[in-house]
Amino acid sequence: MSGADLAASLTPPRQFTEATLDNYRPDPDYPSQAEAVAKVRAFADGWNRRDGGGGLFGRRRSKEQAAKPGIYLDGGFGVGKTHLLAALWKLAPGRKYFGTFIEYTALVGALGYAGAAKLLKGASLLAIDEFELDDPGDTMMMSRLLGDLVASGTRIAATSNTPPNALGEGRFAAADFLREISALADRFDIVRIDGLDYRRREIEGHAVALDDDAFAERLGTAAAAGTVTSDEFPALLHHLSQVHPSRYVKLVDGLDAIGIRDVRTLTDQSDALRFVAMVDRLYDAQVRVLATGTPLDAVFGDEMLGGGYRKKYLRATSRLIALTNMGVTPGA
């Protein structure tokens, strides 16, 4: 994939192509959801104010807006943060980008810092889904990148399950990194969104694990209707280790379903993180997952869930529950 190919892939996931602020449905039990819609709409109006703000008073408003060039949607899994982020991306004028935190760090890894910064510079909006600081190197790199982009006029919108001042907390405590995290926090207006995970509201809260006969039957049905793959879990993990995560989007391109045989609880952190990146791509493309062996909501062991990447693994678990339940009727 060239730089142009990577840039072209930085768009909202397929299931959010029709997302707008108007079709976001706030849960009346959680007023913060409606409040978040209003705040995102006000942030989007900033582009109109920038375009129409002539004269001394217009320049004053632009200066005030520049003090907070970002909006940060903080909340639990499945409360609609990505929907709102995709809706905001649609409202942004001109060139704009939408990607996960992992995708942006992978972009830097693939193109180098200078190449990635040159590619992104001049965009009206950089939308970052699932902003997490699990690695000190990523902390410094993203802080520098956001600073460079904001200085050139780019606005930032991000989502996460942790407020900016808490990113990295408990993972590392060196003064330099705390200073970097604080600098990131200063660039965002923080919007808290409460609520229940919509994926768990709509389905039972467990991933579907099939026996061999059911796996073969459902894989055959899926193959008759579209494009499917079938791999042993260890072989899939090995292949992912041979491909840069920025290229995972091509692995799932055009697939309708994947079969994973003999799933086992992960013991290697690197394998687990690559699998998380793959799950994100599968979820973005809404590729159904069929699996045998250990249920995929138990693929990350207690030791991993107790570590610094806990939020990544919980997000992937939520998505695996949804993907393995695609096309499953109640009682099936």
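Scroll up a little and you will see the structure.
Note that residues are indexed from 1 along each chain, following the sequence as it is written. pLDDT decides what is reported in this predicted model: residues at 70 or higher carry local features, side-chain atom pairs at 80 or more are listed and counted, and totals for whole chains, interfaces and linings draw on all residues regardless. Excluding hydrogens and water, the side-chain figures rest on all heavy atoms present in the structure.

Asks: Hey, could you go over the overall build of the protein for me, with residue numbers and the actual values?
Replies: Helix and strand content of the protein: 14 helices and 8 strands. For every residue, the accessible area obtained with a 1.4 Å probe (protein chains only) is divided by the maximum for its type, and the residue is called buried under 20%, exposed over 50%, and partly exposed between those limits. Taking all 332 residues of the protein together, 48% fall into the buried category. Here a residue-residue contact requires only that any non-hydrogen atoms of the pair lie within 4.5 Å. Sequence-distant contacts, at least 24 apart, represent 85% of the contacts inside the protein between residues at least 6 apart. Surface summary for the protein: the accessible area is close to 15200 Å², and the carbon and sulfur share equals 51%. Secondary structure is summarised from DSSP: a helix means a run of H or I of at least four residues, a strand means a run of E of at least two, and numbering begins at the N terminus for each. Accessibility throughout is a Shrake-Rupley quantity obtained with a 1.4 Å probe, and a residue counts as covered only by protein chains that appear here.

Asks: Lay out the sheet that holds strand 7 (residues 257-263) with the relevant residues and their values.
Replies: Here, a strand pair is defined by DSSP locating no fewer than two bridges between the strands. Taken in spatial order, the 3 strands line up as 6-7-8 in an open sheet, and their pairing is parallel. With partners counted over all chains shown, the strands left at the sheet margins are strand 6 (228-232) and strand 8 (288-293), one partner each. Across the sheet, the axes of successive neighbouring strands diverge by a mean angle of 15°, strand direction being ignored. Of the strand pairs in this sheet, strand 7 and strand 8 are connected by 5 bridges, and their pairing is parallel. For Ile 260, the partnering residue across the bridge sits in strand 8 and is Ala 291. Fitting a line to C-alpha atoms yields each axis, with helices limited to the stretch in contact; the angle taken between N-to-C directions then spans 0 to 180 degrees.

Asks: For helix 4 (residues 81-91), give the residues involved together with the corresponding values.
Replies: With 9 of its 11 residues buried, helix 4 lies for the most part within the structure. If you check which residues of helix 4 are buried, you get Lys 81, Thr 82, His 83, Leu 84, Leu 85, Ala 86, Ala 87, Leu 88 and Trp 89.

Asks: Describe the nonpolar core, and please don't skip the residues or the numbers.
Replies: The nonpolar core is taken to be a set of buried Ala, Val, Leu, Ile, Met, Phe, Trp, Tyr and Cys residues, with the residues joined through side-chain atoms within 4.5 Å. Counting residues in hydrophobic clusters, the biggest one holds 38 residues, and the most contacted among them are Leu 266, Phe 275, Leu 296, Val 299 and Phe 300. Looking at this core, the elements with two or more residues in it are helix 10 (233-241), helix 11 (248-252), strand 7, helix 12 (269-285), strand 8, helix 13 (302-305) and helix 14 (310-324). Top element by residues in this core is helix 12. It accounts for 9 residues. Apart from the residues lying within four places of it in its own chain, the contact partners of Leu 296 are Ala 207, Val 263, Phe 275, Val 289, Ala 291, Leu 320 and Thr 324.

Asks: Residue-level account of the sheet that holds strand 4 (residues 155-160), with values.
Replies: Spatially, 2-3-4-1-5 is the arrangement adopted by the 5 strands of the open sheet, whose pairing is parallel. Each end of this open sheet is capped by a strand with a single partner; those strands are strand 2 (96-100) and strand 5 (188-193). The sheet shows a mean angle of 15° between the axes of neighbouring strands, direction not considered. Relative to strand 4, strand 3 (residues 125-129) runs parallel, the two sharing 4 bridges. Following the sheet pairing, Ile 128 is matched in strand 4 by Ala 158.

Asks: For the environment of Phe 131, give the residues involved together with the corresponding values.
Replies: For Phe 131, the position within the fold is in the loop between strand 3 and helix 6 (136-151). Separated by 11 residues in the primary sequence, Phe 131 and Met 142 place their C-alpha atoms 10.0 Å from one another.

Asks: Give me the pairing of strand 4: which residues, what numbers.
Replies: Buried residues dominate strand 4, accounting for 6 of its 6 residues. On strand 4, burial covers both faces: Arg 155, Ala 157 and Thr 159 on one face and Ile 156, Ala 158 and Ser 160 on the other are all buried.

Asks: Which residues make up empty space enclosed by the protein, and what values do they have?
Replies: As defined here, a cavity is a set of points on a 1 Å grid over the protein atoms alone where a 1.4 Å probe fits but cannot get out. A pocket is an open set with protein on both sides within 12 Å along at least five of seven lines, and residues line them when an atom is within 4 Å of a point. Grid points are joined across faces, edges and corners, and a volume is the space filled by probe spheres set on the points. With the rule as written, the count across this model stands at 2 cavities of 30 Å³ or more. The space that makes up the largest cavity amounts to roughly 130 Å³. Along its surface, the largest cavity is lined by Leu 6, Ser 9, Leu 10, Ile 102, Glu 103, Ala 106, Leu 107, Pro 245, Ser 246, Val 249 and Arg 281. Ranked by residue count, the leading element in the lining of the largest cavity is helix 5 (residues 101-120), at 4 residues. By residue class, the composition of the lining of the largest cavity is 7 nonpolar, 2 polar and 2 charged. Only Asp, Glu, Lys and Arg are considered charged in this grouping, and only Ala, Val, Leu, Ile, Met, Phe, Trp, Tyr, Cys and Pro are considered nonpolar; every other residue, Gly among them, is considered polar.

Asks: Tell me about the packing of helix 12 against helix 14, and please be specific about residues and values.
Replies: The contact between helix 12 and helix 14 brings their axes to 9 Å, and the two run at 45°. Regarding the angle of helix 12 to helix 14, the classification is oblique. The chirality of how helix 12 crosses helix 14 is left-handed. In this structure, helix 12 contributes Gln 269, Ala 272, Leu 273, Phe 275, Val 276, Val 279, Asp 280, Leu 282, Tyr 283 and Asp 284 to the contact, and helix 14 contributes Lys 312, Tyr 313, Arg 315, Ala 316, Arg 319, Leu 320, Ala 322 and Leu 323. Looking at side-chain class alone, the contact of helix 12 with helix 14 contains 12 nonpolar, 1 polar and 5 charged residues. An angle below 35 degrees is read as roughly parallel, one above 145 as roughly antiparallel, one from 65 to 115 as roughly perpendicular, and any other as oblique. The sense of a crossing depends on the near helix, which, turned anticlockwise from the far helix by less than a right angle, makes the crossing left-handed and, turned clockwise, makes it right-handed.

Asks: Give a description of the environment of Phe 233 that names residues and reports values.
Replies: Within the secondary structure layout, Phe 233 lies in helix 10. As for Phe 233 and Ile 260, which are separated by 27 residues in sequence, their C-alpha atoms are 5.6 Å apart. Sequence-distant contacts of Phe 233, defined by excluding residues within four places in its chain, comprise Ile 260, Arg 261, Asp 262, Val 263, Arg 264, Leu 266, Phe 275 and Val 299.

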